[in-house]
Structure formats: C-alpha cells, structure tokens
Amino acid sequence: FAHVARLSAECPAPGMPSAWLLSVFAAVLCCVALVVVQVFREAPNSIAAFQHGDQLPVSSQDALAGSQVGGEGRGGGEASVASPGHRAAINALRAGDYARARAELEGCGQEDGGCFGLLAQMHLIGAGMPRNLSEAMRLLRSGADLGDADAQYALGALYANTLVGGEDGGGMQRQEALSVLYLYAASVAGHTGAQMAMGYRYSQGYGVAKSCSTAALNYIEVARQVAEIYSSGMPQAVELVRLGVDGKDKKAMSASEVSLFVEIAASGDPNIAAAVGKRYLLGIEGFRQSYQKAAQHLQVAAEKNHAGALGLLGYMHCLGLGVAKNLDIAYSYFVAATQQNDPLGHNGLAYIYFHGTPSQPQDLGSAFKHFNASAHGGSADGMFNLASLYLTATGVEQSFQKATLWYTQALDRGHTPAAYALAVMHLNGIGTVRNCKIAVDLLKRVCERGMWVAQKLQEAYDLHAEGHGDAAAWLFLRLAEAGHEVAQMNLAHVLDSGASQLLHPTAPAVDGTDSPTRLVGGAAAEGEGEAQRAFGRVTAQRHYELSAEQGNALSELRLGDYAYFGWGLRTDTGASREEAPLLGSSDGQDVDDSRDAPLDFHLVRQEVDYALALARYRRAASM
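Residues numbered from 1 in each chain as written. Predicted model: local features only at pLDDT ≥ 70, side-chain atom pairs only at ≥ 80, totals over all residues. Heavy atoms only, no water.

1. Comments concerning the environment of Tyr331
Basically, it comes down to this: The numbering of helices and of strands both runs from the N terminus, where a helix is a DSSP run of H or I of at least 4 residues and a strand a run of E of at least 2. Partly exposed describes any residue whose relative accessible area lies between the buried limit of under 20% and the exposed limit of over 50%, with all areas from a 1.4 Å probe on protein chains only and scaled to the type maximum. Two residues qualify as a contact provided that any one of their heavy atoms is within 4.5 Å of a heavy atom in the partner residue.
As for its position among the elements, Tyr331 is in helix H16 (residues 327-338). The class of Tyr331 is partly exposed, set by a relative accessible area of 23%. Taking the C-alpha atoms as reference points, Tyr331 and Tyr315, separated by 16 residues in sequence, lie 9.3 Å from one another. Not counting chain neighbours up to four residues away, the residues in contact with Tyr331 comprise Leu349, Ile352, Tyr353 and Gln360.

2. Let's talk about the packing of helix H3 (residues 84-94) against helix H4 (residues 98-106)
Formally: Here the axes come from fitting lines to C-alpha atoms, over the contacting stretch only for helices, and the angles between their N-to-C directions go from 0 to 180 degrees. Every angle not falling under 35 degrees, over 145, or within 65 to 115 is termed oblique; those three ranges are roughly parallel, roughly antiparallel and roughly perpendicular. Note on residue categories: nonpolar means Ala, Val, Leu, Ile, Met, Phe, Trp, Tyr, Cys or Pro, charged means Asp, Glu, Lys or Arg, and polar means any other residue, Gly included.
Relative to each other, H3 and H4 sit at 170°, their axes nearing to 8 Å. It follows from the interaxial angle that H3 and H4 lie roughly antiparallel. Two secondary-structure elements touch here, H3 through Gly85, Ala88, Ala89, Asn91, Ala92 and Leu93 and H4 through Tyr98, Arg100, Ala101, Glu104 and Leu105. A class-by-class count of the residues in the contact of H3 with H4 yields seven nonpolar, two polar and two charged.

3. Re a nonpolar patch on the surface
What counts here: Note that patches include only residues with greater than 30% relative accessible area and no salt bridge, and the join distances are 9 Å for like charges and 5 Å for nonpolar side chains (Val, Leu, Ile, Met, Phe, Trp, Tyr). Using a 1.4 Å probe, accessible areas were evaluated by the Shrake-Rupley method; residue-level cover was limited to the displayed protein chains. Here a salt bridge means any side-chain nitrogen of Lys or Arg lying within 4 Å of a carboxyl oxygen belonging to Asp or Glu.
On the surface, a cluster of nonpolar side chains totalling about 430 Å² of accessible area is made up of Tyr564, Phe565, Val608 and Tyr610. With respect to the helices and strands, the residue Tyr610 is situated in helix H29 (residues 610-622).

4. Remarks on the packing of aromatic side chains
What counts, and what does not: Pairing of aromatic rings covers Phe, Tyr and Trp, the last counted by its six-membered ring, and requires centre-to-centre distances within 6.5 Å; plane angles under 30 degrees mean stacked, over 60 mean edge-to-face, and any other angle means tilted. Remark: a charge is flagged as sitting over a ring if the NZ atom of Lys or the CZ atom of Arg is within 6 Å of the ring centre and within 35 degrees of the ring normal.
If you walk through the whole model with that rule in mind, you get 14 aromatic pairs. Ring plane angle 85° and centroid distance 5.7 Å describe the contact between Tyr562 and Trp567, whose orientation is recorded as edge-to-face. Here Tyr564 and Phe565 contribute two aromatic rings whose centre-to-centre distance is 5.1 Å and whose plane-to-plane angle is 75°, an arrangement assigned as edge-to-face. Ring pairing ties together the aromatic residues Tyr544, Tyr562, Tyr564, Phe565, Trp567 and Tyr610, which thus form one cluster. Sitting over the face of the ring of Trp567, Arg537 holds its NZ or CZ atom 4.0 Å from the ring centroid.

5. Notes on the state of the cysteines
Rules: For this text, the term disulfide refers to a pair of cysteine sulfurs within 2.5 Å.
Scanning all chains against the criterion turns up two disulfides. The side chain of Cys212 participates in a disulfide bridge whose partner is Cys436; the two sulfur atoms lie 2.0 Å from each other. Residues Cys212 and Cys436 are joined by a disulfide whose S-S torsion is about -110°; by sign, that bridge is left-handed. One end of the pair, Cys212, is in helix H10 (residues 212-229); the other, Cys436, is in helix H22 (residues 436-447), and 224 residues separate them in sequence.

6. Regarding the environment of Ala473
You can see Ala473 is positioned in helix H24 (residues 469-481). Considered as a pair, Ala473 and Asn490 are 17 residues apart in the sequence and their alpha carbons are 8.2 Å apart. Residues in contact with Ala473, not counting those within four places in the same chain, are Leu491, Val494, Ser500 and Leu502.

7. A closer look at the pattern of salt bridges
Enumeration over the complete set of coordinates arrives at 15 salt bridges. Across the pair Arg616 and Glu556 runs a salt bridge, and its minimum N-O distance is 2.9 Å. Taken together, the residues span a long stretch of sequence, with Arg616 in helix H29 and Glu556 in helix H28 (residues 553-565) at a distance of 60 residues. A single burial state applies to Arg616 and to Glu556, both of which are buried. For the salt bridge of Arg558 with Asp561, the shortest nitrogen-to-oxygen distance reads 3.4 Å. Taken as a pair, Arg558 and Asp561 lie in helix H28 at a separation of three residues, close to a single helical turn. Salt bridges linked by common partners bring Glu176, Arg201, Glu481 and Arg542 together as one network.

Structure, rendered in structure tokens:
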C-alpha cells in the first residue's frame, strides 16, 4: 500500500504525508466532528506498494509464547514488561521444554498475572501435562483478577464457549454475562483482541445492546494501529485458508517448485526474475520473505529494463529494504519505470515530487500528474494517493466526491488504508452519506489485516498441519471470538471433525457443575467416543452459526446437516422452534440500540428437524 508518510521520516515511503496534508484537512474541515480531525491527523505512515488480496501481513519474528501455546504475552495492546520468570518460560516454550516452562511459571510471584495466564494455556491445550479445562479456568481467573489483559481476554473467550447446567437432562446456558465482563475489562486495558471482540459484539448485539457507534469506538483505534503497521516495511503475507475446503481445490507451491522458479530466474529470464523477486519481497506463494533475495532477483530483471522490477527496486531503495536507503537512487529507478508507463513507477515518482529531496525540488503539479497516471494505470496505491490529494486540495481543486470515488476504487482492489479512510468518511458524512454500519464493516476489515490476527492465523495453520489440534483450536478460538469469520469456520471444523477436544471437560466441569456431556451425548450414546464427538458438534455449532451469519454458505450448509441429523443444541425460550433464535444470535432479529440482548436463554438438545434443515439448505443455495 501507499499510505501517508510523516514529514519527519528519514526515507518517506511512497504515499501521502499525513502531518502536512492532514493538518490542511483539519483546517479546511474545522467544523467537522472532532473524531475526524483526530483520526486523520493520526493517519499512518506510508509504506507499501502492493495488495495481497485475501492475505494478511505477518511479522517475521516468532510469536511471543511459542508455537505450542501461542500466547500474545502480557496483553494485546501495548506490550508490558514481562517478569524474568515469564520471559524464561517463553524461551523454554519456544525450545519445546515444557517441564522447564512449567517450573518457571510455577515459580513466578503471586502477583504475576502473566505467569498465571501462560500456565493456564499450558493446562488448556495439554502442553507437557494432561489437559485440564477446570484448572486452566482457575488459573485464568487468578491472572485476570491481577489485571492481566491477556488472561482476561482468554477467560472471556472461554466463558462464551463453555456450557453450564445440563444436570438430569435439563437445559444448559452459555456464560455470556461473565464473557462480556472479562472481554470488556481486557478491552479497557487496550487488548487488541478484546477491542475487536467488543466491536464485533456491539455491531451484532451479541450479549450486549446493539450499538453501531460503540462498535466503531472499539474498532477505530485498532484500525489506526493496523494501518500504521504498513508504514514500517512490506509485511509478509498470510493466505486465508478454510480448513477442509481449500485443500481440495488448491495446491500450494512445493519447495521443489520454488527451487525450479528460482533456478529459471537465475538464468536471466527477466519476467521470471521479476516475479520471483516480488514474491520474495512479499513472502507469498511458498516464498519465505527475504529482502536480500528480492533485491537480487529484481536487479537481474532491472538490468534488462523490466518496468515492474525497476519500480520495485525504487521502493526498496526508498524504504531501505535489503538495500541502503537512498532517495536519489530510488528516483532514478522510478524515472526509468515511468518511461515504460509503469503505474508503480508513476506512484513512486509522484511521491518524490510531492516531498522533494535535496537534489529534487518539490513539485506538486508533477506529483498530481504522476499520481493521476498511476491511478488510471490501475495502481491501488496511486488511487489512494490521488484520493488524498483531492481530499486535501493539494495540487488540485478539492473534491470530496472524487476523493470518495478513488478511495472506493482502491478499496475494490483490497487497499487497507483506503478502507480506513472511507470508514472515517462514512462515520462523519464527508463526501458520502453518513453510514455507521458501512464504517464499522470497513473498520472490522482493517482490524482483521493486523499483526495480532496474522501471527495467530499463521501459527494456527502450522499447528494444524503438524497435528496439534488443540493448540490450533485455541488460536482459532481467540480469533473467532474477535469476529474473524475464517477463524470461526476453521474452529468449527476442527471441533466438528474431532481433530480437537479443546472445550471438552477432562475433569469436573467449570464452577463445579457436572459434565455437560450427558445432555449432548445422552444415554443412547454408543461409548465415550461417540459422546465426545457429539460434544464436539455442540461446541462447533456456535461458530458455524457465527460464520453463517457473516455470509458463509459452507457453514450454513453444515448447519442444515445439523438440523437434518438432529445434532447439537437449540435454544429453548418458551417460543416455538421457528421463533427461537440461533445460538450465535441474541434473538434472531436486529436489536434496537436501546434494547438489551437476552442473556438467559437455555439450550436443549436439538432433534431432527427437516423443515429447519430445508430452510438452511435454501439459504446456503442463495448465498
């Protein structure tokens, strides 16, 4: 993406300058609501040049707590200082030494909430010890009571997915009130996942009164931070994969295939060299991100005057990715690329003209000319930057309508900063109608491209591929609770298929109640294995429903199977079965802002219901 770059940056990236442009924007729109001025004034630095489509950025650094636990540290917002014992345990987990990690965590001080949370996760997924849901919940409560935001978020996620009651075949309940309580506490502490989870709940009315404006407040700070991530480099991409679905139709590039393309690129084919260099730059399609290898292959293509390679090398020299930062060299590459009318080169050259360099004076007219050429050439970055010029009347007459048009064009190409800009414009009715729902949908999309999501998603895929079903399910669960639809479907799949028994009680159930397995398995269950499978379907059902409500036809189809075979649970609110809400819904209808979502409905065993199955199948077919 080409975002907004600060004037103080040593090597500004190819985008628009927030500090200068947005101060103009604030002056022009001084009568607009304060939130607009604040949000735009704090817009992110500019960095990238490309969109990854249905992919996410991921840090090249290891996840904090190691692959078997996958924790995000002491909190999800600003990182807090971990204790020596906590850091030692993380290092032990990374090394796979569970015994030492457990010893370090059990030796932490009684006021160290992070240690309680990490030890709880080990109990939860059975990392070096038998799985124990009750002990995990007890430790998480201790960590949460000490103010550890990650423990609060984990506890809130578990309360939303565990069932209490069910004694003597009676109804069961999810602990929504406790879930909301702990998620809210974590969101106030700045936990990224909790802020997303509360934004998701307020937008849909899950366990709270539906409120679009409150959803936006929860999402917007996370979205701003996500946009800023793209100002620090070109992050590696993580492809969104739906377990049990994509693998049937999609074949990932193997190591031998990658080696073959690298060999062809090294032979001097400029097109292959440019393609390989770009993939190394972004870390996609089986190529592990490497700026040095990217520069090497792009240079091969650039020596044969490949326009795309010239533009990419310009960005790398501007950002200092694998090469020394040098705006003059970047300028020469951009000029060479524009001579072949390369949209990426036009965008980079426009950026140089916009800011100016010691050897190249500022020229706003030329900046507009090249941003315009880049946008009309199909570059999402050029579209975003051209929209920013129209928005702030820089080098061109101000036009909110044209700004909206070009931001929308960039958004259609998956441009995350454009989504952020349009969200703020829709929140305040700038250049478009005021529409909170559209704004929240856009902010949610931006948040889901952030590092907090990407790290866990990649790690969950890796763990699932390695056969660590419970660890993968735990990562998917935290993402699912934050509203990530692909994670919701993937979590449902691993629970439904029996690949994970993460939420199945392996000791007395939480809060001392009897195991709820009896309700879902029943006396007719043929052995413990069938009872566990039935319980897996129950825990999966909620996430199939959440995924289906976000428009996923495959989840809706699976819910049709649930009704057809009589799997899972249904709500029992005294209403007829047709009137009863779905598990993932507050009451099956939109909830007015002033109306609280019910928290006290009971769940009973679902029986075969052909009418409901048919309705589900028809809905899936229409999606």
